[in-house]
Amino acid sequence: MNTILEAQHLNVWYGDFHALKNVDLKIQDQKITAFIGPSGCGKSTLLRCFNRMNDLVTTAKVDGNIIYKGTNINSKSIDPIKIRSQIGMVFQKPNPFPKSIFANIAFGLKVNGFKGNMEEAVEESLTKAALWDEVKDRLDKSALTLSGGQQQRLCIARALAVRPQLILMDEPASALDPIATLAVEELIRDLSSYITIVIVTHNMQQAARVSDETVFLMVDDQRSGYIVEHDNTKQIFTQPKDERTEAYITGRFS
Amino acid sequence: MINNEKLKNDISNVGYRHFIGKIFLSLFIISTLIGIIGLIILLIRVGIEGIPWLSTDLINNYPSRKPDEAGLKAALFGSIWLMGLTGLFSIPIGIGAAIYLEEYAPKNKLTSLIEINISNLAGVPSIIYGLLGLSVFVYAIALGRSVLAGSLTMSLLILPIVILASRESIRAVPGTYRDAAYALGASQWDVVRKVVLPAATPGILTGIILGMSRAVGETAPVIAISALVYLRFVPDGPLSRFTVLPIQIYNWVARPQEDFRGLAAAGIIVLLTLLLSMNSIAIFLRNKYQRESEE
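Quick notes on the rules
- Residues numbered from 1 in each chain as written.
- Chains lettered and ligands numbered in written order.
- Predicted model: local features only at pLDDT ≥ 70, side-chain atom pairs only at ≥ 80, totals over all residues.
- Helix = DSSP H or I, 4+ residues; strand = E, 2+ residues; numbered from the N terminus.
- Rg over C-alpha atoms; globule rule 2.2 N^0.38 Å.
- Buried ≥ 20, exposed ≤ 12 C-beta atoms within 10 Å, placed from the backbone.
- Pairing = 2+ DSSP bridges.
- Domains from an automatic or database assignment.
- Contact = placed C-beta atoms within 7 Å.
- Nonpolar A, V, L, I, M, F, W, Y, C, P; charged D, E, K, R; others polar.

1. Some points on the overall build of chain B
Here is step 1: Within chain B, the secondary structure is distributed over twelve helices and zero strands.
Here is step 2: In sequence order, chain B lays out its α and β elements as α-α-α-α-α-α-α-α-α-α-α-α.
Here is step 3: In terms of overall size, chain B is more extended than a compact globule, its C-alpha atoms giving a radius of gyration of 25 Å where 295 residues would be expected to give roughly 19 Å.
Here is step 4: Oriented by its inertia axes, the alpha-carbon framework of chain B measures out at about 85 × 60 × 40 Å.

Set out below in structure tokens:
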């Protein structure tokens, strides 16, 4: 098993609030890892450490190491812009730019100085995101004319365009209807053949359906998040080692 | 527990509540009409008095003591010069300040002090800007009573308007767009230039329309700086002396002869035409940007 990303003694504060406590975690290469746990347990916070999105929150402080391919990317000497062009992100609500479908995909390539054939690159990304056939005749139309599910797959295509090896997904299907959710889940499974995915989800069935590995987080009495258990998904959902995990996945608390 | 008796009473009051609703609805309609009717009466009066005086002479001639020969060429070109230069200064500076305050400035006491002051400046009487311009641009920097000094003064006057409107529209750009851009490896400048500004452009253009409309109609600061009415030439450069349409109109209205009142009305029509054509360019641009993001 290859590790693509490892968090070591990770602690996150927002001002005085200790949001995440002593996280040690290994993310396996070309697998889908799901973060599950009750609201406010720091799943999204942990995810946003991996591409330094917490840098944009002025009160946030992230302590500890995040080793990505042998480099500590949490170090101040590493420019977050470089990390974000290698580690992509998909957000909870579909957030295409109010630009054309084509311009949405091209955006990341342009800011990263892509010099190749833009038409080909856009087609390739949309094809990978299983969206090409639906939008190929209206690439110049605004992305906002797409349905919610299409918009989210466009956001995935946009992230794929800059060819990341790791994509972080923060509840990517929570704003979608069941059919659109299924399409996104199918896409995530397809992508996992060549890309590593970390997905935060509120939906335990979703974690069970799509992920290879599951990390269960909880909050302590100071409302700080911590990892309870991390194992392969089958193990977590059939024979969890920790009774709190079992209580959570059987729905005894949320 | 629901109080059934009270609920029944409330329901029986529906007719009364509709009645109250209708009273307020008619009040709002009357309020709207007062504004519109006032404007229509004004336009009709100006039209009746001014249209007979509209001619090519009006635009081609310089001021004269004889109403038949009087024109507003100097004032029209002075206004166009003033607008052009004012736009040149105030639009980039205003948008730049708004970008800094919204996107870059740290949120601290100094920043909020600056913000409060900019809002207050939008309410300062324009003659004060005129006197400031007179002492700073005309005398201290020795630009003289030039169209450059006038437009710098006018820029100061409308900057708060442009900054406030631009900030509002920059702030209204959803944070999710910024997140999306940052997550793709965009730098802060990429985010500002390629995401925030395009999305904020319609609102910024609205601010520019408001500011420029204010500037083209202002009289007091120009009186303080230029004070010329009988100008028999058009500005030939930024350091040229100038006059503007509102001053010319004011001067004609103040004349005792009846004919000059007609000329003044014609001058108002020219001023409104200038204003509307300027605004229609901005509105055209704004609609173009809005369409682009929605289509």
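2. Some details on the pairing of strand S3 (residues 32-36) of chain A
Residue and element names in this part refer to chain A.
Here is step 1: Most of S3 is tucked away: five of the five residues are buried.
Here is step 2: Strand direction decides the pairing type here: S3 and strand S8 (residues 196-200), joined by four bridges, are parallel. Directly across from Thr-33, in S8, lies its bridge partner Val-198.
Here is step 3: Where S3 and strand S9 (residues 213-219) come together, four bridges link them in parallel fashion. Considered in S9, the bridge of Ile-36 is made with Phe-216.

3. Remarks on the domain arrangement of chain B
Accessible area lost upon the coming together of the parts is a frequently used measure of interface size.
Residues and elements named next belong to chain B.
Here is step 1: Its domain assignment divides chain B into domain 1 (4-53) and domain 2 (57-294).
Here is step 2: A separation of 34 Å is found between the C-alpha centroids of domain 1 and domain 2.
Here is step 3: Contact residues are listed per partner, giving five residues for domain 1 and eight residues for domain 2.

4. Things to note about the interface of chain A and chain B
Here is step 1: Taken together, the contact pairs 23 residues of chain A with 17 residues of chain B.
Here is step 2: Residue assignment for the side of chain A that touches chain B shows that the elements contributing at least two residues are helix H2 (80-84), strand S6 (87-90) and helix H3 (101-111) of chain A.
Here is step 3: In terms of residue count, the dominant contributor to the side of chain A that touches chain B is H3(A) (three residues).
Here is step 4: Along the lines of polarity and charge, the residues of the side of chain A that touches chain B split into eleven nonpolar, seven polar and five charged.

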